[in-house]
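# Architecture at a glance
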Amino acid sequence: MKAIRRFTVRPLLPEPLRPLSDLARNLRWSWHAETRDLFQSVDPERWAASGGDPVRLLGGLRPARLAELADDRRFLRRLNAAADDLHDYVTGDRWYQTQPEGLPAAIAYFSPEFGITAALPQYSGGLGILAGDHLKAASDLGVPLIGVGLLYRHGYFRQTLSRDGWQQEHYPVLDPNELPVTLLKEEDGSPAHVAIALPGGRRLRARIWLAQVGRVPLLMLDSDVEENDLGERGVTDRLYGGGSEHRLLQEMLLGIGGVRAVRTYCRLTGHAGPEVFHTNEGHAGFLGLERIAELCDAGLDFDSALEAVRAGTVFTTHTPVPAGIDRFDRELVARHFGPDAELPRMDVGRILNLGIETYPGGEPNLFNMAVMGLRLAQRANGVSLLHGQVSREMFAGLWPGFDAEEVPITSVTNGVHAPTWVAPEVLRLGARQIGVQRTEDALSVGGSDRWDSVADIADQDIWDLRRDLREQLVQEVRARLRASWRQRGAGTAELGWIDDVLDPDVLTIGFARRVPSYKRLTLMLRDRDRLMDLLLHPERPIQIVVAGKAHPADDGGKRLVQELVRFADDPRVRHRIVFLPDYGMAMAQKLYPGCDIWLNNPLRPLEACGTSGMKAALNGCLNLSVLDGWWDEWFQPDFGWAIPTADGAGTDPDHRDAVEAAALYDLLEQRVTPRFYERGRHGLPDRWIEMVRQTLTLLGPKVLAGRMVREYVERLYAPAAQAHRALNPDAARDLAAWKARVRAAWHGVTVDHVETSVGTPTAELGTTLALRVRLSLGDLTPDDVEVQAVSGRVDEEDSITDATTVPLKPASGPGPDSRWTYEGPLSLDRTGPYGYTVRILPDHPLLASRAELGLVAGPSEELAEEAGVLLR
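Residues numbered from 1 in each chain as written. Predicted model: local features only at pLDDT ≥ 70, side-chain atom pairs only at ≥ 80, totals over all residues. Heavy atoms only, no water.

## Digging into the overall build of the chain
What counts is decided by this rule: Helix numbering and strand numbering both begin at the N terminus, where a helix is a DSSP run of H or I of at least 4 residues and a strand a DSSP run of E of at least 2. The size measure is the radius of gyration over C-alpha atoms, and the globule rule it meets is 2.2 Å times the number of residues to the 0.38 power. Summary of the burial criterion: residues with accessible area below 20% of their type's maximum are buried, those above 50% are exposed, and those between are partly exposed, where the area comes from a 1.4 Å probe applied to protein chains only. The contact criterion used throughout is that any non-hydrogen atoms of two residues lie within 4.5 Å. Using the Shrake-Rupley algorithm and a 1.4 Å probe, accessible areas are obtained, with residue cover drawn only from the displayed protein chains. All tallies of charge rest on Lys and Arg as positive and Asp and Glu as negative; His and the ends of each chain are not included. Note on charges: their place is set at NZ of Lys, CZ of Arg, CG of Asp or CD of Glu.
Looking only at helices and strands, one finds 29 helices and 27 strands in the chain. Relative to a compact globule of 872 residues, whose C-alpha radius of gyration would be 29 Å, the chain shows 29 Å and is just as compact. If you line up the chain on its principal axes, its C-alpha atoms span 95 × 70 × 50 Å. A total of 872 residues make up the chain; the buried ones form 57% of that total. For the chain, the proportion of contacts with a sequence separation of at least 24, taken over those separated by at least 6, is 73%. On the chain, roughly 35500 Å² of surface is accessible, and the fraction owed to carbon and sulfur atoms is 49%. The averaged location of the 122 negative side-chain charges in the chain is 6 Å from the averaged location of its 98 positive side-chain charges.

Now the structure itself:
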């Protein structure tokens with residue numbers, strides 16, 4: 001029989017055990033080993049059955065056990081020590097509090113998903129895990145972040161396999177009352193709400209759930225409330241589910257409702273209001289519209305409010321794949337804004353102009369969330385050096401007239417939260433070496449370029465650790481594989497072979513990620529005979545653990561999963577290669593430490609960063625990867641291997657896969673497996689252990705989320721806060737008026753004549769030329785512009801590469817013809833083909849970049865030829 005109504009019955013904890021509730025409700029337990037150990041000691045069997053979830057653990061405890069614990073002095077001492085430690089962690093000064101004054105009082109961080117812990121399944125993949133790690137690292141550093149997201153009643157789907165290996169999706173209902181979250185309440189005890197207006201006079205209401213992530217509050221909006229109609233109740237049903245309007249409503253609730261939730265939270269708790277708003281990917285871009293509306297309600301016009309909002313906004317793009325960006329029909333967006341819908345006092349045309357693809361090659365009928373995010377943010381970044389470069393090229397149309405390298409999109413390479421992803425055994429080894437506190441600080445706060453203490457760990461200890469972690473993975477794989485086969489319909493009598501799956505002494509390769517086509521899940525199957533030879537090699541076998549989810553609507557991705565599963569089902573190799581369904585945080589925390597090699601073979605350069613290899617590296621796993629994302633930036637032969645790529649323009653995709661798969665097999669056969677299996681004088685793989693040591697020593701400090709968040713603070717949040725403070729209402733009006741005046745007058749800005757002090761096509765290194773430029777500024781003045789000489793080597797097409805810019809100074813003007821003369825030196829500091837040009841850019845002290853307006857004036861082609869701009 002099915003129940004007609006469901007309740008959550010919470011245990012009434014005896015007074016001495018009350019701190020258990022506080023420890024369970026603060027998600028710091030998800031990365032704090034001592035707190036998890038405390039909860040495990042409450043009831044080891046229930047702890048395992050709960051999946052390591054303290055809320056579920058406490059909800060299932062018998063009153064008799066609670067009474068025992070309340071009388072257990074040793075347990076109470078541990079409990080009070082853990083509670084005191086959490087209090088010190090949450091209230092004490094940390095890195096942020098020791099920095100010079102001027103940092104933002106608070107930062108609001110918006111993301112459509114957050115991967116904090118498996119007990120709060122509100123993530124689908126890398127974007128969410130990155131967002132969760134960002135919050136945890138901010139907490140460890142004391143950064144006053146407020147996280148903002150949605151609470152999905154079904155989360156992301158759970159994955160199982162049919163008997164023939166086809167992915168099947170399941171959407172279990174999540175009851176917020178059974179999750180480690182609490183309802184934000186008004187002072188009278190009623191639930192706090194936000195609402196957004198819908199067409200036709202309807203409203204979409206949402207409650208605000210609070211997840212406490214260490215020091216950082218995470219606000220999660222939930223539309224499943226009785227005041228909503230059935231359709232509106234389902235807006236927050238699934239992560240990345242539904243059609244276009246469903247997604248649009250989710251993103252309006254996240255952005256617009258999210259700002260309103262932040263205001264409500266700060267009003268109720270006294271938390272400082274954010275000076276900086278960080279948009280993690282375009283999904284939350286509507287937050288900028290709500291902030292413009294707030295300022296317009298306070299008396300600013302739209303253009304001035306736009307400048308004020310841009311000053312304090314940071315936008316991070318996470319995808320080099322256009323299909324990964326949400327784009328909506330402009331009519332759909334227009335219908336949801338204006339007099340009969342949301343933001344009724346704001347002109348719909350102005351809203352649409354923020355997201356329309358007005359650049360060459362764009363679709364003028366589509367509203368692009370990433371384009372809006374860039375137009376609403378004065379500072380933007382990609383998530384690795386290579387991805388920053390790709391993003392500048394991808395969005396260069398928004399800054400016409402500028403070379404891609406000058407597009408104002410920088411990069412902050414992602415990092416991972418080491419306390420979450422490093423195995424307890426690795427932590428214990430570090431603590432044995434340098435002490436518990438120093439180990440925690442090294443992994444969370446970071447700040448060091450090297451972990452030299454790793455050099456003092458004995459080879460035998462490193463090898464024993466790696467073997468222990470591999471053995472744990474083998475046991476985990478067998479348990480998960482057995483459960484998977486039972487879900488696929490197999491009986492116990494059919495599954496005896498699983499007891500021999502994997503071997504703790506065999507080189508173990510891991511491959512786990514989402515399954516879009518560009519990540520190439522099945523590249524390893526390109527030459528199946530060759531793969532079988534590697535798996536079954538008599539002296540140097542390999543074994544592979546694979547996991548990953550295809551998007552529910554991606555049948556192509558599902559076919560890739562099925563192809564891999566069917567190969568792994570082959571009785572000849574099923575003891576050497578396995579596919580584990582339902583990849584998530586709980587599985588990942590076992591998978592990364594237990595692998596010897598982390599494999600990554602995307603189509604370069606379509607991986608923005610790819611942090612799974614970072615998590616593996618922190619556990620002493622070596623990377624075998626295409627030079628994409630972070631690996632392109634930090635690869636060294638000491639850390640692993642680079643798979644050669646055939647990514648030239650016009651390369652046939654099938655040929656490319658064949659070439660890169662062959663390179664992968666070659667690396668495994670000739671370099672990877674021999675190094676793992678060769679033994680030195682003491683019976684240990686000395687060269688392999690040295691690579692593990694170098695990975696931990698040199699790569700470990702780089703891949704930390706603590707390093708990443710410190711970079712965001714220093715390079716993006718602090719400048720954004722300063723710009724936000726500088727853009728008071730009067731300054732915002734002045735800047736908006738200046739931009740309007742410059743745009744209107746720019747047609748009159750021209751470079752009319754360029755001359756230098758050299759008249760020959762060659763010059764000696766070290767020569768300084770005198771450069772003289774006559775130009776027209778129309779209705780502008782020298783205070784409105786910067787005139788630059790741009791010089792550097794030139795390629796075969798006379799394009800300047802590796803350019804150096806030098807400002808020129810006004811020497812005279814305006815003359816009778818309204819022209820100005822600018823002069824300056826040009827130093828020839830490089831040999832070979834060399835060239836220069838001049839250009840005029842808008843200049844204002846409140847611009848974050850001179851490319852901000854997308855305006856530039858330079859010499860005409862005829863003038864360039866007359867000036868003799870090339871020196872060969």
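## So, the sheet that holds strand 17 (residues 577-580)
Defined as follows: Paired strands, in this sense, are two strands between which DSSP finds at least two bridges. Inter-axis angles, ranging from 0 to 180 degrees, are taken between N-to-C directions of lines fitted to C-alpha atoms, where helices are fitted over the stretch in contact.
Taken in spatial order, the 6 strands line up as 17-16-15-18-19-20 in an open sheet, and their pairing is parallel. Strands with a single pairing partner mark the edges of an open sheet, and in this sheet they are strand 17 and strand 20 (640-643). Mean inter-strand twist for the sheet, computed between neighbouring axes without regard to direction, equals 20°. Strand direction decides the pairing type here: strand 18 (residues 597-600) and strand 19 (residues 622-626), joined by 4 bridges, are parallel. By the bridge assignment, I597 is partnered in strand 19 with L622. Strand contacts of helix 20 (residues 528-535): strand 16 (542-547) and strand 17, with the helix running at about 115° to strand 16, the strand carrying the most contacts.

## Quick look at the environment of V672
By secondary structure assignment, the location of V672 is in helix 25 (residues 653-677). Overall, V672 belongs to the buried group, its relative accessible area being 0%. Linking V672 and I542, residues 130 residues apart in sequence, is a C-alpha distance of 10.0 Å. With residues up to four places along the chain from it excluded, the contact list for V672 reads L507, I597, W641, L667 and W688.

## Observations regarding empty space enclosed by the protein
Rolled over the atoms, a probe as big as a water molecule pinpoints where empty space is left. To keep things clear, this is the line we draw: Buriedness of a pocket was judged along seven lines, with at least five required to meet protein on both sides within 12 Å; pockets are open sets of points on a 1 Å grid over the protein atoms alone, cavities are sets where a 1.4 Å probe fits but cannot get out, and lining residues have an atom within 4 Å of a point. Grid points are joined across faces, edges and corners, and a volume is the space filled by probe spheres set on the points. In this count, Pro and Cys sit with the nonpolar residues alongside Ala, Val, Leu, Ile, Met, Phe, Trp and Tyr, while Asp, Glu, Lys and Arg are called charged and the others, Gly among them, polar.
One pass over the structure, following the stated rule, counts 6 cavities of 30 Å³ or more. The volume enclosed by the largest cavity comes to roughly 80 Å³. Here the lining of the largest cavity is composed, by residue class, of 9 nonpolar, 1 polar and 3 charged.

## Topic: the packing of aromatic side chains
Where we set the bar: Planes of paired rings set the category: under 30 degrees apart is stacked, over 60 is edge-to-face and the rest tilted, where pairs are Phe, Tyr or Trp rings (Trp by its six-membered ring) whose centres lie within 6.5 Å. For a Lys NZ or an Arg CZ to count as sitting over a ring, it must be within 6 Å of the ring centre and within 35 degrees of the ring normal.
Summed over the entire model, instances satisfying the criterion amount to 19 aromatic pairs. Plain terms: the ring middles of F676 and W688 are 5.1 Å apart, the flat faces sit at 90° to each other, and that makes the pair edge-to-face. Here F676 is found in helix 25, whereas its partner W688 is found in helix 26 (residues 686-699), with 12 residues between them in sequence. Each member of the pair, F676 as well as W688, carries the same accessibility label: buried. Taken together, the ring pairs in this structure connect W463, W641, F676, Y677 and W688 into an aromatic cluster. The residue whose ring lies beneath R28 is Y89, and the NZ or CZ to ring-centre distance is 4.2 Å. In this structure, R488 packs its charged tip against the face of W485, placed 4.1 Å from the ring centre.

## With respect to the confidence of the model for the chain
To keep it simple, the criterion reads: The pLDDT value expresses, per residue, how confident the predictor is, ranging between 0 and 100.
A residue-level look at the chain finds 97% of positions with pLDDT of 70 or above and a mean pLDDT of 93. Below a pLDDT of 50 lies the segment residues 868-872, which in the model reaches 23 contacts outside its immediate sequence neighbourhood of four places, other chains included.

## Remarks on a negative patch on the surface
Put simply, the rule is: A patch consists of residues exposed above 30% relative accessible area that lack any salt bridge, with like charges linked at up to 9 Å and nonpolar side chains (Val, Leu, Ile, Met, Phe, Trp, Tyr) linked at up to 5 Å. What counts as a salt bridge is simple: a side-chain nitrogen of Lys or Arg found within 4 Å of a carboxyl oxygen of Asp or Glu.
The grouping of E34, D37, E440 and D441 at the surface amounts to a negative patch. Elements that contribute at least two residues to the negative patch include exactly helix 2 (33-42) and helix 18 (436-444). Mapped onto the secondary structure, D37 falls in helix 2.

## Details of the nonpolar core
Operational definition: Buried residues of nine kinds, namely Ala, Val, Leu, Ile, Met, Phe, Trp, Tyr and Cys, make up a nonpolar core once their side-chain atoms join them within 4.5 Å.
In terms of nonpolar packing, the biggest core is built from 107 residues, with M524, I544, I597, L624, W641 and W688 touching the most fellow members. Beyond its immediate sequence surroundings of up to four residues, W688 is in contact with W463, L507, D596, I597, L622, W641, V672, R675 and F676. In this structure, V42, L120, L218 and A720 belong to the second largest nonpolar core, which totals 66 residues.

## Notes on the side chain of H134
By the element assignment, H134 lies in helix 7 (residues 126-141). Overall, H134 belongs to the buried group, its relative accessible area being 1%. Here H134 is in contact with Y109, L145, H278, M708, V709, Y712 and Y717, once residues within four sequence places are set aside.

## Here we look at the side chain of R25
Topologically, R25 is positioned in helix 1 (residues 19-25). Although R25 is buried, it forms no salt bridge, and the closest oppositely charged side chain is D53 at an N-O distance of 8.0 Å.

## Thoughts on helix 28 (residues 729-745)
The α-helix advances 3.6 residues per turn, and as a result positions three or four apart in sequence lie on the same side. To keep things clear, this is the line we draw: Here the expected length of a helix is defined as 1.5 Å per residue gap, with one fewer gap than residues.
The end-to-end C-alpha distance of helix 28, which contains 17 residues, comes to 24 Å, matching closely the 24 Å that a straight helix rising 1.5 Å per residue would cover. Along helix 28, the positions that sit buried rather than exposed are A731, A732, L735, A736, W738, K739, V742 and A745. Buried residues along helix 28 sit in contact with helix 11 (302-311), helix 27 (705-726) and strand 26 (834-842).

## Points about helix 15 (residues 385-394)
By the burial criterion, the buried members of helix 15 are L386, H387, G388, V390, S391 and R392. Lining the buried residues of helix 15 we find strand 13 (379-382), strand 14 (410-411) and helix 24 (629-634).

## A look at the pattern of salt bridges
If you walk through the whole model with that rule in mind, you get 60 salt bridges. Between D452 and R450 there is a salt bridge, with its nearest N and O atoms 2.8 Å apart. Note that R693 and E690 form a salt bridge whose closest N and O atoms lie 3.5 Å from each other. One end of the pair, R693, and the other, E690, are both in helix 26, 3 residues apart, so they sit about a helical turn from each other. Judged by relative accessible area, which is 35%, E690 ranks as partly exposed. Residues joined in a network through salt bridges with shared partners are R153, R207, D222, D224 and R233.

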